[in-house]
Amino acid sequence: MATPSKTPPGADPKQLERTGTVREIGSQAVWSLSSCKPGFGVDQLRDDNLETYWQSDGSQPHLVNIQFRRRTTVKMLCIYADYKSDESYTPSKISVRVGNNFHNLQEIRRTNEPISTFMIQIAVLANHQNGRDTHMRQIKVYTPVEESSIGKFPRCTTVDLMMYRTIR
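Residues numbered from 1 in each chain as written. Predicted model: local features only at pLDDT ≥ 70, side-chain atom pairs only at ≥ 80, totals over all residues. Heavy atoms only, no water.

Filter applied, for reference: UniProt positions are given in the numbering used here, feature names are shortened, and annotations may be inferred rather than shown by experiment.
As named in an unreviewed UniProt entry, the protein is Anaphase-promoting complex subunit 10, taken from Fundulus heteroclitus. Recorded under Sequence similarities (unreviewed entry), the UniProt text for the protein is reproduced unchanged: "Belongs to the APC10 family." Word for word, the UniProt comment on the protein under Function (unreviewed entry) is "Component of the anaphase promoting complex/cyclosome (APC/C), a cell cycle-regulated E3 ubiquitin-protein ligase complex that controls progression through mitosis and the G1 phase of the cell cycle."

Laid out in structure tokens, this is it:
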């Protein structure tokens, strides 16, 4: 097992994903929202399109719940919000909580160490200009990629080796 590397602050998650350092695992979770306007829900929050967004519809705090089927290691949580496009709908204060279920969530601060959890809850506590509803354009959850012992062997590049590289 490889030791976890420190992710530099402000690192581009897409670049880290391309280099094999992290992997996006949001599709492995069950997502739920405290409220949403019709047509502005989880699908828009997870569609990889920065033009679409989740829009809450109700009183604060607005919640995004991300539940995994098993304990999952999370290295990074990325939230994309756009003040220029959304103005008073843009979150200004967010709380991130982790735990085993809704009943034992603990707020976390910024950490450089991966966290092992069953559930993540993102709570929007306030918006810019005292806005009521909120917009979030994307949320991504990343896990560290651990190097296996198989990865330490050289790749099979000759034709003879490639013919026999599969184990039956």
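Describing the overall build of the protein
How we decide: Helix and strand labels come from DSSP, where a helix needs a run of H or I of at least four residues and a strand needs a run of E of at least two; each type is numbered from the N terminus. Here the term buried applies to any residue with accessible area under 20% of the maximum for its type, exposed to any over 50%, and partly exposed to those in between, with areas from a 1.4 Å probe on protein chains only. In what follows, residue pairs with any heavy atoms lying within 4.5 Å of each other are defined as contacts. To be clear on the numbers: accessible area is Shrake-Rupley with a 1.4 Å probe, and residue cover counts the displayed protein chains and nothing else.
Scanning the protein from N- to C-terminus turns up four helices and 10 strands. Counting from the amino terminus, the protein carries its helices and strands in the arrangement α-β-β-α-β-β-β-α-β-β-β-β-β-α. Taken over 168 residues, the protein has a buried fraction of 36%. Long-range contacts, defined as pairs at least 24 residues apart, comprise 73% of the intrachain contacts of the protein with a sequence gap of at least 6. Summing over all exposed atoms, the protein offers an accessible surface of approximately 11,000 Å²; the carbon and sulfur share of this is 51%.

Points about the pattern of salt bridges
The test is simple: Whenever Lys or Arg places a side-chain nitrogen within 4 Å of a carboxyl oxygen from Asp or Glu, that contact is recorded as a salt bridge.
Across all of its chains, the model carries five salt bridges by this definition. Among the ionic pairs, Asp48 bridges to Lys140, the shortest N-O distance being 2.2 Å. Note that Asp48 is positioned in the loop between helix H2 (42-45) and strand E3 (54-55) and Lys140 in strand E10 (residues 138-144), a separation of 92 residues in sequence. When its relative accessible area of 53% is taken as the criterion, Asp48 is described as exposed. Given a relative accessible area of 11%, Lys140 falls into the buried group. Glu107 is the salt-bridge partner of Arg109, the closest N and O atoms lying 4.0 Å from each other.

Observations regarding the confidence of the model for the protein
The condition is simple: Looking at any residue, its pLDDT shows the predictor's confidence there, from 0 to 100.
Averaged over every residue, the pLDDT of the protein is 87; residues scoring 70 or more account for 82%. Across residues 1-5, where pLDDT falls below 50, the model places six contacts with residues more than four positions away in sequence or in other chains.

A look at the side chain of Arg137
To be explicit about the condition: Whenever a nitrogen or oxygen atom comes within 3.5 Å of another N or O atom, the pair is scored as a polar contact, on the condition that within protein one atom can donate a hydrogen and the other can accept it, and that pairs from neighbouring residues in sequence are kept only if both atoms are in side chains.
Structurally, Arg137 is set in the loop between strand E9 (135-136) and E10. Here Leu50 takes part through its backbone oxygen, which lies 2.9 Å from a polar atom of the side chain of Arg137. Among all residues touching Arg137, those that are not within four sequence positions of it are Gln44, Leu45, Asn49, Leu50, Glu51, Thr52, Tyr53, Tyr80, Asp82, Ser85 and Asp86.

Section: the pairing of strand E6 (residues 91-99)
This is how it is decided: Note on pairing: two strands pair once DSSP finds at least 2 bridges between them.
Strand direction decides the pairing type here: E6 and strand E8 (residues 115-127), joined by eight bridges, are antiparallel. Across the sheet, the residue bridging to Val98 is Ile120, located in E8. For E6 and strand E7 (residues 106-108), the ladder comprises three bridges, and the chain directions are antiparallel. By the bridge assignment for E7, Arg97 is matched with Glu107.

Section: the packing of aromatic side chains
Cut-off, in case you're wondering: Aromatic rings from Phe, Tyr and Trp, taking only the six-membered ring of Trp, are treated as a pair when their centres fall within 6.5 Å; an angle between ring planes under 30 degrees marks them as stacked, one over 60 as edge-to-face, and anything in between as tilted.
Considering all chains together, one arrives at one aromatic pair under this definition. Plain terms: the ring middles of Phe40 and Tyr53 are 5.2 Å apart, the flat faces sit at 25° to each other, and that makes the pair stacked. Of this pair, Phe40 sits in the loop between strand E2 (29-33) and H2 while Tyr53 sits in the loop between H2 and E3, and the two are 13 residues apart along the sequence. Judged by relative accessible area, which is 29%, Phe40 ranks as partly exposed. For Tyr53, a relative accessible area of 18% gives the class buried.

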